[in-house]
Amino acid sequence: MSVSLSVARKRIPHPLRSCLATNPSLRACTSRTYRTESKRDPNVVRIVEVGPRDGLQNEKGVVPAEVKVELINRLGRAGMRIIEAGSFVSPKWVPQMAGTAEVITRMEKLPGVHYPVLVPNMKGLENLLELLSATTAHSVGSLTSTIPPTDEIAIFTAATDAFSLANTNCTVAESLTRLAAVTQKAREKGLRVRGYVSVVITCPYSGKVDYRRVRDVSRELLEMGCYEVSLGDTTGVGNPASVGAMLDVVAGALPVERLAGHFHDTYGMGVANALTALEAGIRTLDSSVGGLGGCPYSPGATGNVATEDILYSIQDSKYRTEKSVDLEAIADIGWWISEKLNRQNASRVGRALRARKERQKKQS
Ligand SMILES: CC(C)(COP(=O)([O-])OP(=O)([O-])OC[C@H]1O[C@@H](n2cnc3c(N)ncnc32)[C@H](O)[C@@H]1OP(=O)([O-])[O-])[C@@H](O)C(=O)NCCC(=O)NCCSC(=O)C[C@@](C)(O)CC(=O)[O-]
């Protein structure tokens, strides 16, 4: 995996605007006419569990497919409604995600649960579409389920060229060009498309980020047809003041119900930043069981804020999850996967719940 920011590369003019001018389906999504799926209860918080993807992509070794499958199955049974299951990225860049086709073929497909996969380019989408047509044409192994492995992709870009180059070997403008075509094709094939913008606070290569850039890139993703854009504090450097300031700019200009918060917990600010996002009107938060993960292209960044910590932080508040999620079960999954990977459980709530359980066991 070689990542060089100085690689000589062909510069492609940013064609999204001309694409919008000539493409009626994209034009339909321009300016403030973003379509809303349904009216949401204002206090319902959607949690996107990203552990099986954002978490496991950062493990030193490749996690066996059966462990990934079991992780996804357990999360679904514990009540998670959106579980990011893996990536169709280049295995040369992120070898940890190489087995995603096998994972999404073998995992349980629970009705009402979405299992998005990350797609960086047309090749990734084509690989996914090939798998989808093969798995819907005949049953796979002993599985006779007619539910396709996934109905959703997640595309990703960044607020800075330096990060985009390190992560996907192209500038932000070039990535938007690629992603507009990917989004259009995915939607034509009936897939939902979610977008990510990385480094919304600080870039590990170019420093403090201009929040207007975050706003403009997010707008482009919405206009090309993403139903939602997740704002990634990839480095986990943000705090409530910087996250609040970023959201003033981004949510001040774009529909807040189309935005999600994606906070890494490097400085222990994940929960505080998530609550700041809720206060700003965001109702979708990404998190990772056991605080798994990091980003291979953000040196030093730790995992996502833990799902257990988010669930606990909204307990007894006005907020609730879409479907009841079993916190104890999620905490057990956090322990199970941490032990499997021989890593420390990064969820403070997970650790506290286990300590309480052990005290109770001793007392009884
Ligand atoms: C975008 C590329 C592919 C460009 O990488 P490239 O090297 O410029 O691509 P290329 O088109 O020159 O192809 C190079 C080789 O990769 C193959 N290839 C090309 N595409 C694919 C594909 N889709 N699937 C499988 N193989 C692929 C292609 O066929 C070729 O194979 P070869 O001919 O050498 O044998 C690469 O940079 C890449 O895969 N990057 C992904 C990096 C990544 O996954 N990062 C982590 C996810 S983003 C993240 O974590 C942030 C987020 C979302 O969580 C939010 C946050 O916290 O900020």
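- Under the annotation held in an unreviewed UniProt entry, the protein carries the name hydroxymethylglutaryl-CoA lyase and is attributed to Gloeophyllum trabeum.
- Here the protein is described in UniProt, under the heading Catalytic activity (unreviewed entry), as follows: "(3S)-3-hydroxy-3-methylglutaryl-CoA = acetoacetate + acetyl-CoA".
- Comment text from UniProt for the protein, heading Sequence similarities (unreviewed entry), reads "Belongs to the HMG-CoA lyase family."

What about the environment of Ile314?
Point 1. Relative to the assigned elements, Ile314 resides in helix 12 (residues 307-314).
Point 2. Using a relative accessible area of 5% as the deciding quantity, one classes Ile314 as buried.

Description of unusual backbone geometry
Point 1. With a phi angle near 60°, Asp316 is a residue other than glycine that sits in the positive phi range.
Point 2. Here Asp316 is to be found in the loop between helix 12 and strand 12 (320-321).

Some words on the environment of Asp233
Point 1. Its location among the elements puts Asp233 in strand 9 (residues 228-233).
Point 2. Asp233 gets classed as buried once you look at its relative accessible area, which sits at 0%.
Point 3. For the pair Asp233 and Val199, spaced 34 residues apart in the sequence, the C-alpha separation amounts to 5.3 Å.
Point 4. Separated by 2.9 Å, the side chain of Asp233 and the backbone nitrogen of Gly238 make a polar contact.

Describing the site of the ligand
Point 1. In the neighbourhood of the ligand, 28 residues make up the surrounding shell, with Gln57, Lys92, Asn167, Ser198 and Thr234 lying closest.
Point 2. Between the ligand and Val89 there is a distance of 3.2 Å, counted from a nitrogen atom to a backbone nitrogen or oxygen.
Point 3. In the environment of the ligand, an oxygen atom lies 3.0 Å from a nitrogen or oxygen atom belonging to the side chain of His262.
Point 4. Burial of the ligand by the surrounding chains reaches 76%, relative to a free accessible area of 1,100 Å².
Point 5. Breaking the shell around the ligand down by element, the ones donating at least two residues are helix 3 (51-55), helix 6 (122-137), helix 7 (161-168) and strand 6 (192-198).
Point 6. No other element matches helix 6, which puts three residues into the shell around the ligand.

Some words on the pattern of salt bridges
Point 1. Taken as a whole and judged by the stated rule, the model has 18 salt bridges.
Point 2. Between Arg343 and Glu59 there is a salt bridge, with its nearest N and O atoms 3.5 Å apart. Taken as a pair, Arg343 in the loop between helix 13 (327-341) and helix 14 (348-363) and Glu59 in the loop between helix 3 and helix 4 (65-77) lie far apart in primary sequence, 284 residues in all.
Point 3. Given a relative accessible area of 24%, Arg343 falls into the partly exposed group.
Point 4. For Glu59, a relative accessible area of 14% gives the class buried.

So, the packing of helix 8 (residues 172-188) against helix 9 (residues 211-224)
Point 1. Where helix 8 contacts helix 9, the axes come no closer than 9 Å and their chain directions differ by 20°. In terms of their interaxial angle, helix 8 and helix 9 are classed as roughly parallel. Our pair here, helix 8 against helix 9, has a crossing hand that is right-handed. Contacts from Val172, Leu176, Leu179, Ala180 and Thr183 of helix 8 reach helix 9 at Arg213, Val217, Glu220, Leu221 and Met224.
Point 2. A breakdown of the residues in the contact of helix 8 with helix 9 according to their chemical character gives seven nonpolar, one polar and two charged.

Examining helix 4
Point 1. Compared with an ideal rise of 1.5 Å per residue, which puts 13 residues at 18 Å, helix 4 spans 18 Å between its outermost C-alpha atoms and is within 8% of the ideal.
Point 2. On its buried side, helix 4 packs onto strand 1 (44-49), helix 3, strand 2 (82-83), helix 5 (100-106) and helix 13.
Point 3. In the segment just after helix 4, Gly79 is the residue with positive phi, at about 110°.

Conventions used here
- Residues numbered from 1 in each chain as written.
- Predicted model: local features only at pLDDT ≥ 70, side-chain atom pairs only at ≥ 80, totals over all residues.
- Heavy atoms only, no water.
- UniProt positions renumbered as here; feature names shortened; annotations may be inferred.
- Helix = DSSP H or I, 4+ residues; strand = E, 2+ residues; numbered from the N terminus.
- Buried < 20%, exposed > 50% of the residue type's maximum accessible area, 1.4 Å probe, protein only.
- Polar contact = N/O pair within 3.5 Å; in protein donor to acceptor, adjacent residues only side chain to side chain.
- Near = heavy atom within 4 Å.
- Areas by Shrake-Rupley, 256 points an atom, 1.4 Å probe, with all protein chains shown as cover.
- Salt bridge = Lys/Arg side-chain N within 4 Å of Asp/Glu carboxyl O.
- Axes fitted to C-alpha atoms, helices over the stretch in contact; angles between N-to-C directions.
- Parallel < 35°, antiparallel > 145°, perpendicular 65-115°, else oblique.
- Left-handed = near helix turned anticlockwise from the far one by under 90°.
- Contact = heavy atoms within 4.5 Å.
- Nonpolar A, V, L, I, M, F, W, Y, C, P; charged D, E, K, R; others polar.
- Expected span 1.5 Å × (residues − 1).

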